[in-house]
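Here is what each chain is made of, one letter per residue.
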Amino acid sequence: MTKDNKGKVIITCAVTGAIHTPTMSPYLPITPDEIAKEAIAAAEAGAAILHLHARNPENGKPDQTPEAFARFLPRIKQATKAAINITTGGSPYMKVEERVKPAAQFKPEVASLNMGSINFGLYHLVDKYKTFKFDWEKPHLEATRDLVFRNSFKDIEFILETCYDNGTRFEFECYDIAHLYNLAHFLDRGLVKPPLFVQSVFGLLGGIGSHPEDVAHMKRTADRLFGDSFRWSVLGAGAAQLRIAAQAAALGGNIRVGLEDSLWAGKGKLAKSNAEQVALARKIIEGLGMQVATPDEARDILALKG
Ligand SMILES: C[C@H](N)CC(=O)CC(=O)O
Ligand SMILES: [Zn+2]
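An account of the accompanying structure is given in this report. Predicted model, so just to flag it, every value in this text is computed and none were measured.

1. A few points about unusual backbone geometry
In this chain, Pro 194 is followed by Pro 195 through a cis amide linkage whose omega measures -5°. The topology assignment puts Pro 195 in the loop between α8 (177-188) and β8 (196-202). Residue Lys 107 is not a glycine yet carries a positive backbone phi of 45°. By the secondary structure assignment, Lys 107 is in the loop between α5 (101-106) and β4 (110-114).

Spelled out as structure tokens, the structure:
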């Protein structure tokens, strides 16, 4: 990383995800056209990295087939310099063999890698949404009551081996302190190489909370385990998104926003777009007297293949 880029803050935008359902927000991009438009606008607003999932355009259901990604990827690549980050998490109902396919085929600069298994709680949202648009939504949410998002050591090794020769680097999703130790384990085995792009996930039921102490504890532990061989980033689920972003930016961290992680743009206000959340993140960063990293600066900071 060139020293000029030290202190520049990378904004990642997670455009649609696989957990939120269409009934939850009319602004959740579902079709390839909506996902492309939202991703391009998020990049124009300042996102240097675009974290992408695909959905079935008819009913919004997660779709992890390479064909589904092929319907929007070329348009995004053509329209922005942002680095593409393809999910290997897919949806917690999918097997790892299915989850890794798009990243294996498209060989993106970045792919997400979930560093441990967690209970993935969303059932507490069922009561909130009395009416559902599609017949898969309610059972999807209810089933999370018994859902374990499986990421065994073998699953993680499988994704590492599958993507490694493609020059793809990983966004290491750490939902809890144990996941940092899992990452340290793979570093010790030489299966991952610095700089490690550590994405700490806060406030998801099943993982670590979103209290400022949780954020400080994650950062302290990552500092102790990885020293300066990691680049820290955070995402806050739901209402915690902007508060977590502000605390992390003040601690020298990078920020992830987007409708995958939160549908809100402030208390009780649905975000009308991903770009709206990126603009709020930029406001926080510039408000702290810091600079938003461009895609090429992000590539330098994270040693991406370009
Ligand atoms: C909390 C986020 N949904 C984590 C995520 O983005 C997982 C992935 O795509 O691999
Ligand atoms: Zn994701």
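2. Considering the packing of aromatic side chains
The way to describe two aromatic rings as a pair is by their centre distance and the angle between their planes. Following the criterion strictly, the structure yields six aromatic pairs and no others. Ring centres 6.4 Å apart and planes at 85° place the aromatic pair Phe 149 and Tyr 175 in the edge-to-face group. With Phe 149 in strand β6 (residues 148-149) and Tyr 175 in the loop between β7 (169-174) and α8, the pair connects residues that are 26 residues apart, well separated along the chain. Judged by its relative accessible area of 6%, Tyr 175 is buried. Here the aromatic rings of Phe 226 and Phe 230 are separated by 6.0 Å at their centres, their planes lie at 55°, and the arrangement is tilted. For the pair formed by Phe 226 and Phe 230, the shared burial category is buried.

3. Structural notes on the site of ligand 1
In the region of ligand 1, the neighbouring residues are His 51, His 53, Thr 87, Gly 89, Ser 112, Asn 114, Glu 173, Tyr 175, Val 201, Arg 256, Glu 260 and Asp 261. One of the backbone nitrogen or oxygen atoms of Gly 89 is found 3.1 Å away from an oxygen atom of ligand 1. Ser 112 is positioned such that a nitrogen or oxygen atom in its side chain is 2.7 Å from an oxygen atom of ligand 1. Burial of ligand 1 by the surrounding chains reaches 94%, relative to a free accessible area of 300 Å².

4. Here's the deal with the packing of helix α9 (residues 212-226) against helix α10 (residues 241-250)
Remark: α9 packs on α10, axes separated minimally by 11 Å, with the N-to-C direction vectors making an angle of 45°. Between α9 and α10, the interaxial angle falls into the category oblique. Classified by chirality, the crossing of α10 by α9 is right-handed. The segment α9 lies against α10, with Pro 212, Val 215 and Ala 216 engaging Arg 243, Ile 244 and Gln 247. Across the contact of α9 with α10, the residue classes break down as four nonpolar, one polar and one charged.

5. Focus on the environment of Thr 12
In this fold, Thr 12 is placed in strand β1 (residues 11-14). Residue class for Thr 12 comes out buried when judged on its relative accessible area of 0%. Separated by 222 residues in sequence, Thr 12 and Val 234 have C-alpha atoms that sit 9.5 Å apart. Ignoring sequence-local partners within four residues, the contact set of Thr 12 consists of Ile 49, His 51, Glu 171, Phe 197, Gln 199, Ile 255, Arg 256 and Val 257.

The rules behind these values
- Residues numbered from 1 in each chain as written.
- Chains lettered and ligands numbered in written order.
- Predicted model: local features only at pLDDT ≥ 70, side-chain atom pairs only at ≥ 80, totals over all residues.
- Heavy atoms only, no water.
- Helix = DSSP H or I, 4+ residues; strand = E, 2+ residues; numbered from the N terminus.
- Phe/Tyr/Trp six-rings, centres within 6.5 Å; stacked < 30°, edge-to-face > 60°.
- Buried < 20%, exposed > 50% of the residue type's maximum accessible area, 1.4 Å probe, protein only.
- Near = heavy atom within 4 Å.
- Polar contact = N/O pair within 3.5 Å; in protein donor to acceptor, adjacent residues only side chain to side chain.
- Areas by Shrake-Rupley, 256 points an atom, 1.4 Å probe, with all protein chains shown as cover.
- Axes fitted to C-alpha atoms, helices over the stretch in contact; angles between N-to-C directions.
- Parallel < 35°, antiparallel > 145°, perpendicular 65-115°, else oblique.
- Left-handed = near helix turned anticlockwise from the far one by under 90°.
- Contact = heavy atoms within 4.5 Å.
- Nonpolar A, V, L, I, M, F, W, Y, C, P; charged D, E, K, R; others polar.

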